[in-house]
Amino acid sequence: KVKVPSKFKSPSQESKASADQIRKAFVEANPSIPANAIVVTCQKPRGKSASADRPLTFKEVRLCLDKDLNFKACGSQHRDRCAGDALIPPIR
């Protein structure tokens, strides 16, 4: 079972974090997960908020597992898909 850090459960206001900061928060909440088993993904903003100067939006955390469902280092084909600070939108 993976514990989601409180910052990401139900954010009430917009914030920003880098992929490394997001990964660190998940490792702190789940000490059994090695940092190299976590991949952070983001997406381009859509709709009215989409603009060239708007940061990517945090989408998800992916965990790499072996066939026995143990955490393992992600391979080179799995890498973060966030550049710079990612926008963490509030849940409404």
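Coordinates for the structure precede this section.
Residues numbered from 1 in each chain as written. Predicted model: local features only at pLDDT ≥ 70, side-chain atom pairs only at ≥ 80, totals over all residues. Heavy atoms only, no water.

A. Molecular detail of the nonpolar core. The biggest cluster of nonpolar side chains holds 15 residues, and the ones touching the most others in it are Phe8, Ile22, Val40, Phe58 and Cys82. Secondary-structure elements contributing two or more residues to this core are helix 2 (19-29), strand 2 (38-43) and strand 4 (85-88). Broken down by element, this core gets its largest block of residues, four residues, from helix 2. Leave out the neighbours within four places in its chain, and Val40 touches Ala19, Ile22, Arg23, Phe58, Glu60, Asp80, Arg81 and Cys82. (Core = buried A, V, L, I, M, F, W, Y, C linked by side-chain atoms within 4.5 Å. Buried < 20%, exposed > 50% of the residue type's maximum accessible area, 1.4 Å probe, protein only. Helix = DSSP H or I, 4+ residues; strand = E, 2+ residues; numbered from the N terminus. Contact = heavy atoms within 4.5 Å.)

B. Quick peek at the state of the cysteines. Following the criterion strictly, the structure yields two disulfides and no others. Covalently, Cys42 is tied to Cys82 through a disulfide, its sulfur atoms 1.8 Å apart. In this structure, the disulfide formed by Cys42 and Cys82 twists by about 95° around the S-S bond and is classed as right-handed. Here Cys42, found in strand 2, pairs with Cys82, found in the loop between strand 3 (57-63) and strand 4; they are 40 residues apart in sequence, far enough to count as distant. By relative accessible area, which is 12% here, Cys42 ends up buried. Its relative accessible area of 15% is what places Cys82 among the buried residues. (Disulfide = S-S within 2.5 Å.)

C. Focus on the pattern of salt bridges. One pass over the structure, following the stated rule, counts four salt bridges. Here Lys24 makes a salt bridge to Glu28, at a shortest N to O gap of 4.0 Å. Taken as a pair, Lys24 and Glu28 lie in helix 2 at a separation of four residues, close to a single helical turn. Residue Glu28 is classed as exposed on the basis of its relative accessible area, which comes to 57%. A salt bridge links Arg62 to Glu60; the shortest N-O distance between them is 2.5 Å. Judged by its relative accessible area of 44%, Arg62 is partly exposed. Linked by salt bridges that have partners in common, Asp20, Arg23 and Asp80 make up one network. (Salt bridge = Lys/Arg side-chain N within 4 Å of Asp/Glu carboxyl O.)

D. Region of the structure containing a nonpolar patch on the surface. A grouping of Val2, Leu65, Leu69 and Phe71 is seen on the molecular surface, where their side chains present a nonpolar patch of about 340 Å² in accessible area. Positionally, Leu65 belongs in the loop between strand 3 and strand 4. (Patch = residues over 30% accessible without salt bridge, like charges linked within 9 Å, V, L, I, M, F, W, Y side chains within 5 Å. Areas by Shrake-Rupley, 256 points an atom, 1.4 Å probe, with all protein chains shown as cover.)

E. Structural context of helix 2. For helix 2, the complete set of buried residues consists of Ala19, Ile22, Arg23, Ala25 and Phe26. Down the axis of helix 2, the sector holding all buried residues measures 160°, keeping them to one side. Opposite the buried face of helix 2, at more than 90 degrees from it, the exposed residues are Asp20, Lys24 and Glu28. Looking at the packing, one finds that the buried side of helix 2 touches helix 1 (6-9), strand 1 (15-18), strand 2 and strand 3. (Arc of directions from axis to C-beta.)

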